[in-house]
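As a plain string of letters, each chain reads:
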Amino acid sequence: MAKSKNNNTNKLSYISVPSQIINSLSSSSLQSLLLSPKKSSRSKNRYLSWFTNYRSPKFWVLFLFLFGFLGMLKLGFNLDPLIPYSPYPCTTTQLQNLVSNGYLKSHMAIASNGENSHQVEVFNSVSHSQPLISNGNLKSEVDVEEAEKSEFWKQPDGLGYRPCLALSNEYKKASVGIVKDKTKYLIVVVSGGMNQQRNQIVDAVVIARILGAALVVPILQVNVIWGDESEFSDIFDLEHFKKVLANDVRIVSSLPSTHIMTRPVEEKRTPLHASPNWIRSRYLKQIKREGVLLLRGLDSRLSKDLPSDLQKLRCKVAFLALRFAPPILGIGNKLAERMSSKGPYLALHLRMEKDVWVRTGCLPGLSPEYDEIVNNERIQRPELLTGRSNMTYHERKLAGLCPLNALEVTRLLKALGAPKNARIYWAGGNPFGGKEALLPLTGEFPHFYNKEDLALPGELEPFSNRASVMAAIDYIVSENSDVFMPSHGGNMGHAIQGYRAYAGHKKYITPDKRHMLPYFLNSSLPEAEFNRIIKELHKDSLGQPDLRTSRAGKDVTKYPVPECMCNDSRTHSYL
């Protein structure tokens, strides 16, 4: 996804070392200070006689004069950092500060956000500049330190996998008749949050293809929790959606006049893991007879194991057709650019909202008071618990079924080598407990932002009270990050995992909660050993290619290899 240019008009003020000073103290200038012009051979012989006769008083006077002159230069101008090939194994405090901070202070810029009252620091990293010192021990120490810092941002090996959506000849032949058919229409009502709606829209397109029907633009059901009344075109780019799928399924904005008075057959009982054969046997006669079929409750009903062409169609919808509407794409890319302009950044999807703790049967661990609030709500509304109600909280926790809290996320990131100056964008709703719940993270990683922190005054106002749009903005900033990590599973985490794989296997950290939590609870474990164990547990959970064929029943939009990606000479990309 291309990033839009940041139109931030705030002025930048720079604090820098004047180039005139640096130029005036270049190595050639230093040599001219230390070396006098050539003298005649007669004069040269006279000076040589002074130096060779070390007992001469003139020799000692000249020696003391030169020693004092060099001392004044060192104290007055602090030459060591400016000499490109310093003979000293140690350097000055100023240079040490520059290296230990990882940034050149002379290149620091501060961008004021005016009425927004907060400032964003922009740095040029030392790792992106020329080496400060080219020999000696200090360079090797700097290299080690920088290597340790940059290791966290290292991307996984994608093993050469690229998008591969070549369809069979049989599929292409059938497409001709399907896109011209004007007798059958499928209407789908999708529910839930934005990412849940995305999944259902993907399934709706595939079901329309299976039935050979035209798909009426999906209806987004008003969310009972957030009250978001957004329509499809408010969130997604409708014209792009139609264009990308033009050769697969006919997309129409509304029913034609020939079908407007038709009473659609409504179906709410689609079973789990419905296969293409089941869909045809159940719905094809009805849609042919009535002309219109209305489906509700499609959430995760379609089988994840489909024929190859239909799997590729799912990827095509998820990764190519479902592009966000231009206004959302614009603000999302602006915020992503503001994050990336300061260097690499990590996106965290924090699942710490009150309803998440209630539904998962877990506790936030902030205090007994907060735990009691969650427990009481779960007792009053037991239907909210998503499953395994016979398990205690501790059993669920050790089984890896609970979201990570802020302290656990902090320990995991530190163990995986996240530098303290890492920029972090956090996506998700307001955590239960407010800012207090985030203190472990903000204390360890002070460069911690969400969309409200990055936006200029009024930028988010057009999208206020629209939860689905806010979720879409989080999605855009997260998918553009250098590293992504969710604190728990869920639709957004799964969608971004698949997208990052399809985009070239960008780093995606999957917390191994079930195996790592026992070590979190072991307070006697030394930090170095803890870090080693955590790194070992996650060495294969950093976004490397993961074949769906080894994960039966998993969604191809989460694991696009090998159905939607290939790594040989026959790779074909759909653009």
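Relevant structure appears above.
Now for a quick tour of the structure. (Residues numbered from 1 in each chain as written. Predicted model: local features only at pLDDT ≥ 70, side-chain atom pairs only at ≥ 80, totals over all residues. Heavy atoms only, no water.)

Quick look at the overall build of the protein chain now. Scanning the protein chain from terminus to terminus reveals 23 helices and 16 strands. When burial is assessed residue by residue, the protein chain has 45% of its 575 residues classed as buried. Within the protein chain, contacts between residues separated by at least 24 positions form 77% of all contacts whose residues are at least 6 apart in sequence. A total accessible area of about 30300 Å² is found for the protein chain, and carbon and sulfur atoms account for 55% of it. (Helix = DSSP H or I, 4+ residues; strand = E, 2+ residues; numbered from the N terminus. Buried < 20%, exposed > 50% of the residue type's maximum accessible area, 1.4 Å probe, protein only. Contact = heavy atoms within 4.5 Å. Areas by Shrake-Rupley, 256 points an atom, 1.4 Å probe, with all protein chains shown as cover.)

Turning to the packing of helix α8 (residues 194-211) against helix α20 (residues 467-479), a few remarks are in order. Where α8 meets α20, the axes come as close as 9 Å, and the angle between the chain directions of the two elements is 85°. Accordingly, the angle class assigned to the pair α8 and α20 is roughly perpendicular. For the pair α8 and α20, the contacting residues are M194, N195, Q197 and R198 in the first and S468, A471, A472 and Y475 in the second. Partitioned by chemical class, the residues of the contact of α8 with α20 number four nonpolar, three polar and one charged. (Axes fitted to C-alpha atoms, helices over the stretch in contact; angles between N-to-C directions. Parallel < 35°, antiparallel > 145°, perpendicular 65-115°, else oblique. Nonpolar A, V, L, I, M, F, W, Y, C, P; charged D, E, K, R; others polar.)

Glycine aside, negative phi is the norm for most residues, and most peptide bonds take the trans geometry. Across the junction of V561 and P562, the peptide omega takes the value 10°, indicating a cis bond. Topologically, P562 is positioned in the loop between α23 (527-537) and β16 (565-566). The phi torsion at S300 lies on the positive side, around 55°, for a residue other than glycine. We note that H505 has phi near 60°; this positive angle belongs to a residue other than glycine. Mapped onto the fold, H505 is located in the loop between α21 (491-502) and β15 (507-508). Residue H505 is classed as buried on the basis of its relative accessible area of 2%.

Moving on, we get to the packing of aromatic side chains. In total, this model carries 11 aromatic pairs according to the counting rule given. Taking 5.1 Å as the distance between ring centres and 55° as the angle between the ring planes, the aromatic pair formed by F232 and F241 counts as tilted. Each member of the pair, F232 as well as F241, is classed as buried. A ring pair is formed by F319 and Y502, whose centres lie 4.6 Å apart and whose planes are at 25°; its orientation type is stacked. One end of the pair, F319, is in helix α12 (residues 308-321); the other, Y502, is in helix α21, with 183 residues separating them in the sequence. According to the relative accessible area criterion, F319 is buried, its value standing at 11%. On the basis of relative accessibility, which here comes to 9%, the residue Y502 falls in the buried class. (Phe/Tyr/Trp six-rings, centres within 6.5 Å; stacked < 30°, edge-to-face > 60°.)

This next bit is on the state of the cysteines. All told, the structure shown has three disulfides when counted by the stated rule. Here C164 connects covalently by a disulfide to C566, the sulfurs 2.5 Å from one another. The disulfide joining C164 to C566 has a torsion of about 95° about its S-S bond and is therefore right-handed. Here C164, found in the loop between β4 (162-163) and α7 (169-180), pairs with C566, found in strand β16; they are 402 residues apart in sequence, far enough to count as distant. When sorted by exposure, C164 lands in the same class as C566, which is buried. Here C315 is linked by a disulfide to C564, with a sulfur-sulfur distance of 2.0 Å. For the disulfide bridge between C315 and C564, the dihedral angle about the S-S bond is near 85°, and by the sign convention the bridge is right-handed. You can see C315 sitting in helix α12 and its partner C564 sitting in the loop between α23 and β16, a full 249 residues away along the chain. For the pair C315 and C564, one class covers both residues: buried. Take the cysteines of the protein chain that form disulfides and number them in order along the sequence; they join up as 1-6, 2-5, 3-4. (Disulfide = S-S within 2.5 Å.)

Another point: the pattern of salt bridges. All told, the structure shown has 18 salt bridges when counted by the stated rule. In this structure, the salt-bridge partner of R338 is E459, at a minimum N-O distance of 2.8 Å. With a gap of 121 residues between them, R338 in helix α13 (residues 326-340) and E459 in the loop between α19 (451-454) and α20 connect regions that are remote in the sequence. Each member of the pair, R338 as well as E459, carries the same accessibility label: buried. Where K354 meets E377, a salt bridge forms, and the shortest distance between an N and an O atom there is 2.9 Å. Taken as a pair, K354 in helix α14 (residues 354-360) and E377 in helix α15 (residues 368-380) lie far apart in primary sequence, 23 residues in all. The exposure class of K354 is partly exposed, given its relative accessible area of 31%. Through salt bridges that share partners, D203, R314 and D555 make up one connected network. (Salt bridge = Lys/Arg side-chain N within 4 Å of Asp/Glu carboxyl O.)

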